[in-house]
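# Architecture and fold: a report
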Amino acid sequence: MDRLEEIKSAAEKLPAISEDAISKLCQSLPRLVQLVNEKFLIDDKFCCGKPLDKHMKIVKNIHKNFGDALLAVYQFSLYDVLIHEFAWIVSTLFYRDFEKDYFPKMLNAWIMAIHGTIEPSRSRELIQPLRFLERNLSVILENWDISAKLENENQEEFMNLLLEKRRRDATDYTISLLDSGYSPDDLCHGILIPAMKQIGLLWQKNQITVSDEHAATEITRYIIYRLCDSIPRKQALPHRVLVSCVPGEEHELGAEMVASYLESQGWTVYFTGHSAPDEDIVVVISRYMPEVILLTSTLISNLPSTVELSKRIRQTEPASKIILGGRAVVRAKRRMQEFADALIVDYREAHLTAIRLL
Amino acid sequence: MAKVAVRLNEITREFFDGKQIRMVLKKTNLDIYTREFTVIAGPSGSGKTTLLTIIGLILTPTSGRIMIDDKDVAHRSEDELAAMRMKKFGFVFQNADLITALSVAQNVLVPTAIQGAPVSAESKRAMEEILAQFGLASYAYAMPQQLSAGQRQRVAIARAMINAPILLLCDEPTSALDIESSTTVLDTLKRLSQDENRGVVMVTHDPRVFPYADRMIKLEDGEVIDDSKSGGEEKHEE
């Protein structure tokens, strides 16, 4: 086990935080983010440490996202995930030329803001995981570099077409792979997903821009639709499924893959895409009465809204079966189980899991 | 390079509240540095002001040592403590407490005047420099009641600075100020705290202050429950 993994397993043993402290954190979160941002602005103004002026926009984003993730981590006692998320932040910012001293300063700014804003008995609880991070920061800072390699030339070729934004060529390439014997599943699992993961890593490594990543996502989405439309549908099943990203979730490619896959397996699929408000999702459910509802969440910060929506559906549509998936759900697997009838880690599990629940 | 301005070693303080002896400051070990904006935070009754007044040699601890320049000064005579207070510390309180019968310039010179000797030309020059530094030069001969609350508080800081103290000790200096005045006062204190021969220690409830802190000492029931420093790799000189 490497040292980062050792820290993650030690973090799992941190005590749970009381509901009252979490509620205080939730109420104070906008103020805390503001205080942390102000601290960096003031430090910049008075030249305390390395100036961050050119990075201030990124820094504000990071503070907001870290706060949201912190709330989810505390709510579900996902302290190992906190280490993972923080390691991701460290790595992403190192690739953007951030200095090492930013990270202890950021943790301390959070600790100071919590101590200053929330009453002592609760603030003491809330800072424990941050202190743990602080104590283990050197290990995280030593392990920031990520290696990103694809497994084969086909993945590489496809990824390059995506990065060059050659939609037509990328599509032709996938069709040629189908012709050479790849199944649609092989193509999704063996080419599309690894290439998109790699593109995510390249963004993390600051080698491509957000717009490069978005263009690649759009082309991949187009290819998925083309692929699915070209596959003869299996016999229609008498089952309906609603597939949706949870409220606030912008990453919809995974949900789209699941929706397209279930459609190819004969399901009647209602796909509501990304960022739909929970009341709208509930309306769609009551209108179409799907037997299965599949919700995906990629960001840890969206876990509270995942749970809220799941609870709401269970209340309004108790007969419907709920399946949860997506990167955040997989990371928080052990905590998410009670909020769903089943969890999936891979889109290909969706069909059999859903059938089993009916 | 930051230096230790005051070292508290195993400091405790008890009070008799009429019925029983209460420990208002439990065994405390702290180094207070120059070139730092230290905030002491905590709920009412947590011991913040007791700690500040012990650091500033106003209150004598029940036990423990206060080290300044490597010498224990905790239990020196009142006169010696008063002389040391005058030389080493500047005090700023919630209300500026300027003497209304004196001009701004005369208020700033009060700490030099009360030492007995006539105000020297050097002190006058220092007063003019400090007022200019604080953007108050044109108010030197104004009366306190002609100034805004924020300006009065800056005059109080100027007064605390006149003897070039190693620590400015501030008790809730912004809590009576509006946002704009508070920001100006805090900016002034932050700037002053960046000098390697001077530090700022502030007791406060005011969350507007926290982003200014290089270090936050959190007290609860007379005990330091957290001591956070704002990152960085700067080394302190022992």
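For clarity, every value in this text was computed on a predicted model and none was experimentally measured. (Residues numbered from 1 in each chain as written. Chains lettered and ligands numbered in written order. Predicted model: local features only at pLDDT ≥ 70, side-chain atom pairs only at ≥ 80, totals over all residues. Heavy atoms only, no water.)

## A word on the interface of chain B and chain A
Contacts between the two partners involve 25 residues from chain B, matched on the other side by 26 residues from chain A. Where chain B abuts chain A, roughly 2000 Å² becomes buried across the two surfaces, and 60% of that area is made up of carbon and sulfur atoms. Joining chain B to chain A, the criterion identifies four salt bridges. Among the salt bridges present, the one from K45 of chain A reaches D187 of chain B, with a minimum N-O distance of 2.6 Å. The dominant element in the side of chain B that touches chain A, judged by the number of residues it contributes, is strand β10 (residues 223-229) of chain B, at five residues. Grouping the amino acids of the side of chain B that touches chain A by side-chain chemistry returns eight nonpolar, five polar and twelve charged. (Contact = heavy atoms within 4.5 Å. Buried area = accessible area lost by both parts, 1.4 Å probe. Salt bridge = Lys/Arg side-chain N within 4 Å of Asp/Glu carboxyl O. Helix = DSSP H or I, 4+ residues; strand = E, 2+ residues; numbered from the N terminus. Nonpolar A, V, L, I, M, F, W, Y, C, P; charged D, E, K, R; others polar.)

## Remarks on the packing of aromatic side chains
Residues and elements named next belong to chain A. Within the structure shown, the criterion is met by 17 aromatic pairs over all chains. Measuring from ring centre to ring centre gives 5.0 Å for F94 and W144, while their planes differ by 55°; the resulting arrangement is tilted. Here F94 is found in helix α4 (residues 79-94), whereas its partner W144 is found in the loop between α7 (137-142) and α8 (153-163), with 50 residues between them in sequence. A relative accessible area of 27% means that W144 is categorised as partly exposed. Here the aromatic cluster, defined as three or more aromatic residues joined through ring pairs, consists of F40, F66, F86, F94, Y95, F98, Y102, F103, W110 and W144. When the ring centre of W203 is taken as reference, the NZ or CZ atom of R96 above it lies at 4.5 Å. Across the ring face of Y222, the terminal group of R167 is positioned such that the distance to the ring centre comes to 4.2 Å. (Phe/Tyr/Trp six-rings, centres within 6.5 Å; stacked < 30°, edge-to-face > 60°. Buried < 20%, exposed > 50% of the residue type's maximum accessible area, 1.4 Å probe, protein only. Lys NZ or Arg CZ within 6 Å of the ring centre and 35° of its normal.)

## A look at the sheet that holds strand β4 (residues 321-325) of chain A
Residues and elements named next belong to chain A. The strand order across the open sheet built from five strands is β2-β1-β3-β4-β5, with neighbouring strands paired in parallel fashion. Each of the sheet's edge strands pairs with one partner strand only, and the pair in question is β2 (268-271) and β5 (342-343). Sheet strands touched by helix α12 (residues 253-264): β1 (240-245), β2 and β3 (292-296). Its angle to β2, the strand with the most contacts, is close to 160°. Against the sheet, helix α17 (residues 350-357) engages β3, β4 and β5, with an angle of about 155° to β4. (Pairing = 2+ DSSP bridges. Axes fitted to C-alpha atoms, helices over the stretch in contact; angles between N-to-C directions.)

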